[in-house]
Amino acid sequence: MDDTPLLIVDGANVVGSRPNGWWRDRVGAAARLRDSLAPVATVGLPARLPAPVEVILVVEGAARDVPGTDGVRVVSAPGSGDDSVVDLVANAPRRRRLVVTADRELRERVTALGAEVYGPRWLRES
């Protein structure tokens, strides 16, 4: 069993949770989210998730070309981002899996597989 927690971020949902003009530059918004997640891999989320953490950002649509960086693996969903998140959770059954999304249906799908789910605010408040 891998003891490193797996943090999976539903990129489209998290980016879309703040009305800050993200729709004018979806690629840029996804890249900014990716960059904000990079420290989590080595620092964790103080008092919530100790480091080290494997961080995966799932992107879809116009943001599919956003590359990964040190600390954040980017998964470009070939179709539904939700399906890719579910696949990632299902493929790591023996790890602690945390999913960040506000999507109710996705929350139900991943909790049925044993993942913990947190809303976008959880990331911002950490």
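This text follows the structure it describes.
Participant: Please clarify how the overall build of the chain should be interpreted in this entry.
Facilitator: Helix and strand counts for the chain come out as 5 helices and 7 strands. Here the C-alpha radius of gyration of the chain, 13 Å, is about what a compact globule of 126 residues would show, namely 14 Å. Expressed as lengths along the three principal axes of its C-alpha atoms, the size of the chain is roughly 40 × 30 × 25 Å. Expressed as a percentage of the 126 residues in the chain, the buried residues total 44%. Relative to all contacts within the chain whose residues are 6 or more apart in sequence, the contacts with residues 24 or more apart total 55%. Total accessible area on the chain stands at roughly 6600 Å², and carbon and sulfur atoms take up 49% of it. Across the chain, the 17 positively charged side chains and the 17 negatively charged ones have centroids separated by 5 Å.

Participant: What's the story with the nonpolar core in this structure? I'm lost.
Facilitator: The tendency in soluble globular proteins is for nonpolar side chains to be buried side by side. Of all hydrophobic cores here, the largest spans 25 residues; its most connected members are L7, V9, L37, V55, L57, W122 and L123. Top contributing element to this core by residue count: helix α2 (residues 26-43), with 7 residues. Among the nonpolar cores identified, the runner-up in size contains 16 residues, and I8, V58, V85 and V86 belong to it.

Participant: Sorry if this is basic, but what is going on with the sheet that holds strand β6 (residues 97-100) here?
Facilitator: One key point about sheets: their strands pair by backbone hydrogen bonds, in either a parallel or an antiparallel sense. Within the open sheet, the 5 strands sit side by side as β5-β4-β1-β6-β7. Their pairing is parallel. Across the chains shown, the open sheet's two edge strands, defined by having one partner strand only, are β5 (72-76) and β7 (116-118). Strand-to-strand, the axes of this sheet are offset by a mean angle of 25°, without reference to chain direction. Where strand β1 (residues 6-10) meets β6, 4 bridges bridge the pair, whose relative direction is parallel. In the sheet register, L7 faces β6, and the bridge partner there is L98. Of the strands in this sheet, β1, β4 (54-59) and β5 touch α2, which is tilted by about 170° from β4.

Participant: Which parts of the structure should I look at to understand unusual backbone geometry?
Facilitator: The peptide bond linking A51 to P52 adopts the cis configuration, its omega dihedral lying at -5°. Although it is not a glycine, A47 adopts a positive phi angle of roughly 70°. The class for A47 is exposed, based on a relative accessible area of 92%.

Participant: Sorry, what's going on with the pairing of β6 here?
Facilitator: Remark: a regular strand shows side chains that alternate across the two faces of the sheet. On β6, burial covers both faces: R97 and V99 on one face and L98 and V100 on the other are all buried. Direction of pairing for β6 relative to β7: parallel, over a ladder of 3 bridges. Bridged to L98 within β7 is E116.

Participant: Please clarify how the packing of helix α3 (residues 81-90) against helix α4 (residues 104-111) should be interpreted in this entry.
Facilitator: How two helices pack is summed up by the angle between their axes together with the distance between the axes. Here α3 crosses α4 at 20°, and the two axes come no closer than 10 Å. Judged by the angle between their axes, α3 and α4 are roughly parallel. The chirality of how α3 crosses α4 is right-handed. Between α3 and α4, the residues in contact are D82, D83, V85, V86 and V89 and L106, R109 and V110, respectively. For the contact of α3 with α4, the class distribution of residues is 5 nonpolar, no polar and 3 charged.

Quick notes on the rules
Residues numbered from 1 in each chain as written. Predicted model: local features only at pLDDT ≥ 70, side-chain atom pairs only at ≥ 80, totals over all residues. Heavy atoms only, no water. Helix = DSSP H or I, 4+ residues; strand = E, 2+ residues; numbered from the N terminus. Rg over C-alpha atoms; globule rule 2.2 N^0.38 Å. Buried < 20%, exposed > 50% of the residue type's maximum accessible area, 1.4 Å probe, protein only. Contact = heavy atoms within 4.5 Å. Areas by Shrake-Rupley, 256 points an atom, 1.4 Å probe, with all protein chains shown as cover. Lys, Arg positive; Asp, Glu negative; His and termini not counted. Charge placed at Lys NZ, Arg CZ, Asp CG, Glu CD. Core = buried A, V, L, I, M, F, W, Y, C linked by side-chain atoms within 4.5 Å. Pairing = 2+ DSSP bridges. Axes fitted to C-alpha atoms, helices over the stretch in contact; angles between N-to-C directions. Parallel < 35°, antiparallel > 145°, perpendicular 65-115°, else oblique. Left-handed = near helix turned anticlockwise from the far one by under 90°. Nonpolar A, V, L, I, M, F, W, Y, C, P; charged D, E, K, R; others polar.

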